[in-house]
Amino acid sequence: MCEYIKFEVVDHIGIITIDRPPVNAVCESIRVGLTEIFEELNSRIDVYCCILRAEGRMFCAGHDLKEASQSKDPDFRKRVNPTIDASFRALHRCRVPMVAACHGHVIGMGFAYASLCDVVVASDDALFNFPEITVGTVGGPVWLLRIVPDKVARYHFYTATPFTAEELKHWGVVQEVVPKDQLFDTAMAVAKKIAKQYPAALWASKMTIIEGELEQYDVVDLQSRMRARGNEQLLGPDPNRTECARARLAHREPVYDPAPLERWKTLK
(Lines give C-alpha, C1' and ligand atoms only; values in the text may rest on other atoms or scores of the structure.)
Protein backbone atom coordinates (compact mmCIF):
# COMPACT_ATOMS: atom_id res chain seq x y z
CA MET A 1 0.00 0.00 0.00
CA CYS A 2 1.25 3.50 -0.87
CA GLU A 3 2.35 5.47 2.19
CA TYR A 4 0.48 8.53 0.91
CA ILE A 5 -2.88 6.80 0.58
CA LYS A 6 -5.22 5.52 3.28
CA PHE A 7 -8.00 3.13 2.31
CA GLU A 8 -10.70 2.03 4.72
CA VAL A 9 -14.21 0.62 4.51
CA VAL A 10 -16.99 1.89 6.79
CA ASP A 11 -20.52 0.47 6.52
CA HIS A 12 -19.87 -0.73 2.94
CA ILE A 13 -18.47 2.64 1.90
CA GLY A 14 -14.84 2.80 0.82
CA ILE A 15 -12.88 5.90 1.75
CA ILE A 16 -9.70 6.65 -0.21
CA THR A 17 -7.69 9.49 1.30
CA ILE A 18 -4.66 11.07 -0.40
CA ASP A 19 -2.28 12.65 2.10
CA ARG A 20 1.00 13.87 0.67
CA PRO A 21 1.93 17.28 2.08
CA PRO A 22 2.21 20.02 1.19
CA VAL A 23 -0.08 19.94 -1.88
CA ASN A 24 -0.92 16.27 -2.61
CA ALA A 25 1.05 16.28 -5.86
CA VAL A 26 0.62 12.95 -7.66
CA CYS A 27 3.86 10.98 -7.59
CA GLU A 28 4.50 7.53 -9.05
CA SER A 29 3.70 5.86 -5.73
CA ILE A 30 0.27 7.50 -5.62
CA ARG A 31 -0.47 6.61 -9.25
CA VAL A 32 0.38 2.97 -8.66
CA GLY A 33 -1.40 2.89 -5.29
CA LEU A 34 -4.62 4.34 -6.68
CA THR A 35 -4.52 1.90 -9.60
CA GLU A 36 -4.25 -1.03 -7.20
CA ILE A 37 -7.17 0.17 -5.08
CA PHE A 38 -9.47 0.89 -8.03
CA GLU A 39 -8.71 -2.54 -9.50
CA GLU A 40 -9.19 -4.22 -6.12
CA LEU A 41 -12.67 -2.71 -5.84
CA ASN A 42 -13.71 -4.70 -8.92
CA SER A 43 -13.32 -7.95 -7.00
CA ARG A 44 -14.75 -6.90 -3.63
CA ILE A 45 -18.38 -7.52 -2.71
CA ASP A 46 -18.31 -5.56 0.56
CA VAL A 47 -17.90 -2.08 -0.99
CA TYR A 48 -21.03 -0.54 -2.48
CA CYS A 49 -19.79 3.03 -2.97
CA CYS A 50 -16.44 4.78 -2.54
CA ILE A 51 -15.30 8.31 -1.67
CA LEU A 52 -12.12 9.83 -3.09
CA ARG A 53 -10.85 12.67 -0.88
CA ALA A 54 -7.68 14.33 0.37
CA GLU A 55 -6.19 15.79 3.52
CA GLY A 56 -4.45 19.16 3.73
CA ARG A 57 -5.15 22.52 2.19
CA MET A 58 -6.13 21.22 -1.25
CA PHE A 59 -7.47 18.17 -3.03
CA CYS A 60 -4.58 17.81 -5.46
CA ALA A 61 -1.96 20.02 -7.14
CA GLY A 62 -1.69 17.67 -10.11
CA HIS A 63 1.27 15.75 -11.47
CA ASP A 64 4.49 15.98 -9.44
CA LEU A 65 6.84 17.65 -11.93
CA LYS A 66 9.72 17.80 -9.47
CA GLU A 67 9.79 14.02 -9.09
CA ALA A 68 10.38 13.57 -12.81
CA SER A 69 13.12 16.21 -12.96
CA GLN A 70 14.93 14.98 -9.84
CA SER A 71 14.71 11.20 -10.29
CA LYS A 72 18.02 9.41 -10.89
CA ASP A 73 16.24 6.28 -12.12
CA PRO A 74 17.06 5.99 -15.86
CA ASP A 75 13.74 4.24 -16.52
CA PHE A 76 11.58 6.65 -14.53
CA ARG A 77 10.49 8.84 -17.45
CA LYS A 78 9.47 5.74 -19.42
CA ARG A 79 7.06 4.80 -16.63
CA VAL A 80 5.40 8.20 -16.17
CA ASN A 81 2.77 8.16 -18.92
CA PRO A 82 1.98 4.42 -18.59
CA THR A 83 1.37 4.77 -14.84
CA ILE A 84 -0.70 7.92 -15.38
CA ASP A 85 -2.87 6.15 -17.97
CA ALA A 86 -3.15 3.02 -15.81
CA SER A 87 -4.55 5.02 -12.89
CA PHE A 88 -7.03 6.82 -15.14
CA ARG A 89 -8.13 3.58 -16.77
CA ALA A 90 -8.55 1.79 -13.43
CA LEU A 91 -10.73 4.61 -12.09
CA HIS A 92 -12.77 4.92 -15.28
CA ARG A 93 -13.48 1.16 -15.34
CA CYS A 94 -14.06 0.70 -11.63
CA ARG A 95 -17.52 -0.84 -11.15
CA VAL A 96 -18.06 0.80 -7.75
CA PRO A 97 -19.76 4.23 -7.88
CA MET A 98 -17.20 6.89 -6.93
CA VAL A 99 -17.85 10.17 -5.09
CA ALA A 100 -15.13 12.82 -5.30
CA ALA A 101 -14.94 15.21 -2.34
CA CYS A 102 -12.92 18.20 -3.54
CA HIS A 103 -11.58 21.22 -1.67
CA GLY A 104 -9.05 23.95 -2.38
CA HIS A 105 -7.14 23.59 -5.63
CA VAL A 106 -8.13 20.71 -7.90
CA ILE A 107 -5.47 20.87 -10.59
CA GLY A 108 -4.44 18.83 -13.62
CA MET A 109 -4.45 15.14 -12.72
CA GLY A 110 -6.53 15.97 -9.65
CA PHE A 111 -9.20 17.52 -11.88
CA ALA A 112 -8.98 14.51 -14.18
CA TYR A 113 -9.52 12.10 -11.29
CA ALA A 114 -12.52 14.12 -10.10
CA SER A 115 -13.99 14.21 -13.62
CA LEU A 116 -13.81 10.41 -13.82
CA CYS A 117 -15.81 9.98 -10.60
CA ASP A 118 -19.57 9.46 -10.81
CA VAL A 119 -20.52 12.24 -8.40
CA VAL A 120 -18.56 15.34 -7.34
CA VAL A 121 -19.18 17.34 -4.18
CA ALA A 122 -17.01 20.36 -3.48
CA SER A 123 -16.30 22.93 -0.83
CA ASP A 124 -17.09 26.54 -1.64
CA ASP A 125 -13.36 27.35 -1.81
CA ALA A 126 -12.62 24.75 -4.50
CA LEU A 127 -11.00 25.87 -7.76
CA PHE A 128 -10.73 23.43 -10.67
CA ASN A 129 -8.13 23.96 -13.36
CA PHE A 130 -6.12 22.43 -16.19
CA PRO A 131 -3.25 24.97 -16.21
CA GLU A 132 -0.81 23.03 -18.41
CA ILE A 133 -0.86 25.61 -21.21
CA THR A 134 0.77 28.14 -18.88
CA VAL A 135 3.88 25.94 -18.74
CA GLY A 136 3.97 25.26 -22.49
CA THR A 137 2.31 21.86 -22.36
CA VAL A 138 -0.86 20.23 -23.70
CA GLY A 139 -2.85 18.99 -20.73
CA GLY A 140 -6.27 17.39 -20.48
CA PRO A 141 -8.53 18.59 -23.32
CA VAL A 142 -10.45 15.35 -23.53
CA TRP A 143 -11.29 15.32 -19.81
CA LEU A 144 -12.70 18.83 -20.07
CA LEU A 145 -14.63 18.30 -23.31
CA ARG A 146 -16.26 15.26 -21.69
CA ILE A 147 -17.89 17.26 -18.88
CA VAL A 148 -18.62 20.84 -20.06
CA PRO A 149 -19.88 22.35 -23.34
CA ASP A 150 -17.35 22.68 -26.15
CA LYS A 151 -16.89 26.47 -26.09
CA VAL A 152 -16.67 26.54 -22.30
CA ALA A 153 -13.96 23.89 -22.42
CA ARG A 154 -11.99 25.69 -25.13
CA TYR A 155 -12.03 29.03 -23.32
CA HIS A 156 -10.84 27.41 -20.11
CA PHE A 157 -8.23 25.34 -21.91
CA TYR A 158 -6.74 28.27 -23.83
CA THR A 159 -6.74 30.69 -20.88
CA ALA A 160 -6.25 28.34 -17.90
CA THR A 161 -9.00 30.27 -16.11
CA PRO A 162 -10.07 28.22 -13.07
CA PHE A 163 -13.63 27.05 -12.58
CA THR A 164 -15.24 27.76 -9.23
CA ALA A 165 -17.29 25.01 -7.66
CA GLU A 166 -20.46 27.02 -8.31
CA GLU A 167 -19.60 27.36 -12.02
CA LEU A 168 -19.15 23.62 -12.32
CA LYS A 169 -22.40 23.09 -10.45
CA HIS A 170 -24.07 25.24 -13.10
CA TRP A 171 -22.73 22.88 -15.78
CA GLY A 172 -23.84 19.80 -13.84
CA VAL A 173 -20.30 18.62 -13.07
CA VAL A 174 -20.52 19.30 -9.33
CA GLN A 175 -23.66 18.14 -7.53
CA GLU A 176 -23.23 19.83 -4.13
CA VAL A 177 -21.29 22.92 -2.97
CA VAL A 178 -20.90 23.27 0.79
CA PRO A 179 -18.64 24.96 3.36
CA LYS A 180 -15.34 23.13 3.75
CA ASP A 181 -16.15 21.89 7.25
CA GLN A 182 -19.24 20.13 5.85
CA LEU A 183 -17.52 18.52 2.85
CA PHE A 184 -16.81 15.05 4.22
CA ASP A 185 -20.21 14.72 5.88
CA THR A 186 -21.88 15.75 2.61
CA ALA A 187 -19.84 13.25 0.63
CA MET A 188 -20.68 10.54 3.16
CA ALA A 189 -24.39 11.40 2.96
CA VAL A 190 -24.31 11.05 -0.82
CA ALA A 191 -22.37 7.77 -0.55
CA LYS A 192 -24.87 6.40 1.97
CA LYS A 193 -27.76 7.28 -0.34
CA ILE A 194 -26.05 5.31 -3.11
CA ALA A 195 -24.93 2.45 -0.86
CA LYS A 196 -28.45 1.70 0.38
CA GLN A 197 -29.34 0.37 -3.07
CA TYR A 198 -28.93 -3.30 -3.97
CA PRO A 199 -25.15 -3.60 -4.58
CA ALA A 200 -25.35 -5.92 -7.58
CA ALA A 201 -27.70 -3.47 -9.27
CA LEU A 202 -25.24 -0.65 -8.55
CA TRP A 203 -22.31 -2.57 -10.01
CA ALA A 204 -24.34 -3.63 -13.04
CA SER A 205 -25.54 -0.07 -13.62
CA LYS A 206 -22.02 1.33 -13.43
CA MET A 207 -20.65 -1.38 -15.73
CA THR A 208 -23.31 -0.71 -18.37
CA ILE A 209 -22.53 3.02 -18.25
CA ILE A 210 -18.83 2.28 -18.75
CA GLU A 211 -19.42 -0.25 -21.52
CA GLY A 212 -21.83 2.07 -23.30
CA GLU A 213 -19.27 4.86 -23.25
CA LEU A 214 -16.53 2.53 -24.48
CA GLU A 215 -18.68 1.61 -27.49
CA GLN A 216 -18.46 5.28 -28.50
CA TYR A 217 -14.82 5.90 -27.60
CA ASP A 218 -12.22 5.05 -24.98
CA VAL A 219 -11.70 8.35 -23.15
CA VAL A 220 -8.41 7.25 -21.54
CA ASP A 221 -6.94 6.06 -24.83
CA LEU A 222 -8.09 9.21 -26.64
CA GLN A 223 -6.66 11.50 -23.97
CA SER A 224 -3.36 9.60 -24.05
CA ARG A 225 -3.12 9.87 -27.84
CA MET A 226 -4.00 13.58 -27.88
CA ARG A 227 -1.47 14.28 -25.11
CA ALA A 228 1.23 12.52 -27.14
CA ARG A 229 0.16 14.29 -30.33
CA GLY A 230 0.36 17.71 -28.68
CA ASN A 231 3.46 17.32 -26.57
CA GLU A 232 5.62 14.91 -28.55
CA GLN A 233 4.69 15.44 -32.19
CA LEU A 234 3.60 19.08 -32.34
CA LEU A 235 5.52 20.83 -29.55
CA GLY A 236 8.42 18.40 -29.37
CA PRO A 237 11.72 19.81 -28.08
CA ASP A 238 10.68 23.48 -28.46
CA PRO A 239 12.92 25.38 -25.98
CA ASN A 240 10.18 27.90 -25.34
CA ARG A 241 8.36 25.23 -23.34
CA THR A 242 11.15 25.39 -20.77
CA GLU A 243 10.97 29.18 -20.79
CA CYS A 244 7.22 28.99 -20.08
CA ALA A 245 7.84 26.83 -17.04
CA ARG A 246 10.72 28.96 -15.75
CA ALA A 247 8.74 32.15 -16.16
CA ARG A 248 5.79 30.74 -14.28
CA LEU A 249 7.98 29.59 -11.39
CA ALA A 250 9.64 33.03 -11.30
CA HIS A 251 6.29 34.87 -11.50
CA ARG A 252 7.35 36.81 -14.58
CA GLU A 253 6.27 37.11 -18.21
CA PRO A 254 7.98 34.63 -20.55
CA VAL A 255 10.47 35.86 -23.16
CA TYR A 256 10.13 33.68 -26.23
CA ASP A 257 12.75 32.83 -28.82
CA PRO A 258 11.00 33.39 -32.19
CA ALA A 259 13.18 30.85 -34.03
CA PRO A 260 11.24 27.69 -32.96
CA LEU A 261 8.03 29.23 -34.31
CA GLU A 262 9.38 29.06 -37.87
CA ARG A 263 8.63 25.33 -38.11
CA TRP A 264 4.94 26.12 -37.67
CA LYS A 265 4.85 27.65 -41.15
CA THR A 266 4.85 24.15 -42.60
CA LEU A 267 3.87 21.97 -39.61
CA LYS A 268 0.73 19.90 -40.07
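Everything here concerns the structure above.
Residues numbered from 1 in each chain as written. Predicted model: local features only at pLDDT ≥ 70, side-chain atom pairs only at ≥ 80, totals over all residues. Heavy atoms only, no water.

Caption draft 1: Expanded view of the overall build of the protein chain. Along the backbone of the protein chain there are eleven helices and nine strands. The C-alpha atoms of the protein chain give 19 Å as radius of gyration, which agrees with the globular expectation for 268 residues (18 Å, within 12%). Reported as C-alpha extents along the three principal axes, the dimensions of the protein chain are approximately 60 × 35 × 35 Å. Looking at the protein chain residue by residue over its 268 residues, the buried ones come to 49%. Residue pairs in contact within the protein chain that sit at least 24 positions apart in sequence constitute 72% of those at least 6 positions apart. With the model as given, the accessible surface of the protein chain reaches about 13,800 Å², and the carbon-plus-sulfur share is 56%. Between the centroid of the 33 positive side chains of the protein chain and the centroid of its 36 negative side chains there is a distance of 4 Å. (Helix = DSSP H or I, 4+ residues; strand = E, 2+ residues; numbered from the N terminus. Rg over C-alpha atoms; globule rule 2.2 N^0.38 Å. Buried < 20%, exposed > 50% of the residue type's maximum accessible area, 1.4 Å probe, protein only. Contact = heavy atoms within 4.5 Å. Areas by Shrake-Rupley, 256 points an atom, 1.4 Å probe, with all protein chains shown as cover. Lys, Arg positive; Asp, Glu negative; His and termini not counted. Charge placed at Lys NZ, Arg CZ, Asp CG, Glu CD.)

Caption draft 2: Fine view of the state of the cysteines. The final tally for this structure, using the stated rule, is zero disulfides. Between cysteine 117, a cysteine without a disulfide, and cysteine 102, which holds the nearest cysteine sulfur, the sulfur-to-sulfur distance is 7.3 Å. (Disulfide = S-S within 2.5 Å.)

Caption draft 3: Inspection of helix 11 (residues 240–250) at higher detail. Within helix 11, the full set of buried residues consists of Asn240, Glu243, Cys244 and Ala247. End-on view of helix 11: buried residues confined to an arc of 105°, all on one side of the axis. Pointing more than 90 degrees away from the buried face of helix 11 are the exposed residues Arg246 and Leu249. Looking at the residues trailing helix 11, positive phi occurs at histidine 251, about 55°. (Arc of directions from axis to C-beta.)

Caption draft 4: Inspection of the packing of helix 1 (residues 28–41) against helix 3 (residues 76–92) at higher detail. At a minimum axis distance of 9 Å, the contact between helix 1 and helix 3 shows a crossing angle of 30°. Comparing their axes, helix 3 and helix 1 come out roughly parallel. When the axes of helix 1 and helix 3 are compared, the crossing they make is left-handed. Counted together, Glu28, Arg31, Val32, Thr35, Phe38 and Glu39 of helix 1 and Phe76, Arg79, Val80, Thr83, Ile84, Ala86, Ser87, Ala90 and Leu91 of helix 3 form the full contact between these two elements. (Axes fitted to C-alpha atoms, helices over the stretch in contact; angles between N-to-C directions. Parallel < 35°, antiparallel > 145°, perpendicular 65-115°, else oblique. Left-handed = near helix turned anticlockwise from the far one by under 90°.)

Caption draft 5: Quick peek at the packing of aromatic side chains. Following the criterion strictly, the structure yields six aromatic pairs and no others. Centre to centre, the rings of phenylalanine 111 and phenylalanine 130 are 4.6 Å apart; their planes meet at 15°, and the pair counts as stacked. In this pair, phenylalanine 111 sits in helix 4 (residues 109–116) while phenylalanine 130 sits in the loop between strand 7 (127–129) and helix 5 (141–147), placing the two residues 19 residues apart along the sequence. Across the pair, exposure class does not vary: phenylalanine 111 and phenylalanine 130 are buried alike. Stacked on the ring of tyrosine 4, the Lys or Arg arginine 20 has its end atom at 5.2 Å from the ring centre. The lysine or arginine in question, arginine 95, covers the ring of tryptophan 203, its NZ or CZ lying 4.7 Å from the ring centre. (Phe/Tyr/Trp six-rings, centres within 6.5 Å; stacked < 30°, edge-to-face > 60°. Lys NZ or Arg CZ within 6 Å of the ring centre and 35° of its normal.)

Caption draft 6: Representation of the nonpolar core in the model. Counting 78 residues, the largest nonpolar core has Ile16, Met98 and Phe128 as its most contacted members. With seven residues, helix 8 (residues 183–195) is the single largest residue contributor to this core. Sequence-distant contacts of methionine 98, that is, excluding residues within four places in its chain, are made with Ile16, Phe38, Leu41, Cys50, Leu52, Leu91, Cys117, Asp118, Val119 and Lys206. (Core = buried A, V, L, I, M, F, W, Y, C linked by side-chain atoms within 4.5 Å.)

Caption draft 7: Here's a closer look at the pattern of salt bridges. Counted under the stated rule, the structure contains 15 salt bridges. Notably, a salt bridge pairs aspartate 118 with lysine 206, separated by 2.9 Å at the nearest N-O pair. With aspartate 118 in the loop between helix 4 and strand 6 (119–123) and lysine 206 in helix 9 (residues 199–216), this pair connects stretches of sequence that are 88 residues apart. Looking at aspartate 118, the relative accessible area reads 35%, which means it is partly exposed. For lysine 206, a relative accessible area of 5% translates into the label buried. Note that aspartate 150 and lysine 151 form a salt bridge whose closest N and O atoms lie 3.2 Å from each other. A relative accessible area of 30% places aspartate 150 in the partly exposed class. Overlapping salt bridges bring together Glu40, Arg44 and Asp46 as one network. (Salt bridge = Lys/Arg side-chain N within 4 Å of Asp/Glu carboxyl O.)

Caption draft 8: Molecular detail of helix 10 (residues 219–235). Between its first and last C-alpha, helix 10 extends 22 Å over 17 residues, near the 24 Å set by a 1.5 Å rise per residue. At arginine 229, helix 10 is deflected by roughly 30°, the largest bend along its length. All of the buried residues along helix 10 are Val219, Val220, Gln223, Ser224, Arg227, Gly230, Asn231, Leu234 and Leu235. Along its buried surface, helix 10 packs onto helix 3, helix 5 and helix 11. Here helix 10 starts with a cap whose side-chain oxygen sits 3.1 Å from the backbone nitrogen of valine 220, and that cap is aspartate 218. Where helix 10 ends, the next residue or the one after it, glycine 236, has phi of about 55°, a positive value. (Expected span 1.5 Å × (residues − 1). Bend = angle between axes of the 7 residues up to and from the residue. Polar contact = N/O pair within 3.5 Å; in protein donor to acceptor, adjacent residues only side chain to side chain.)

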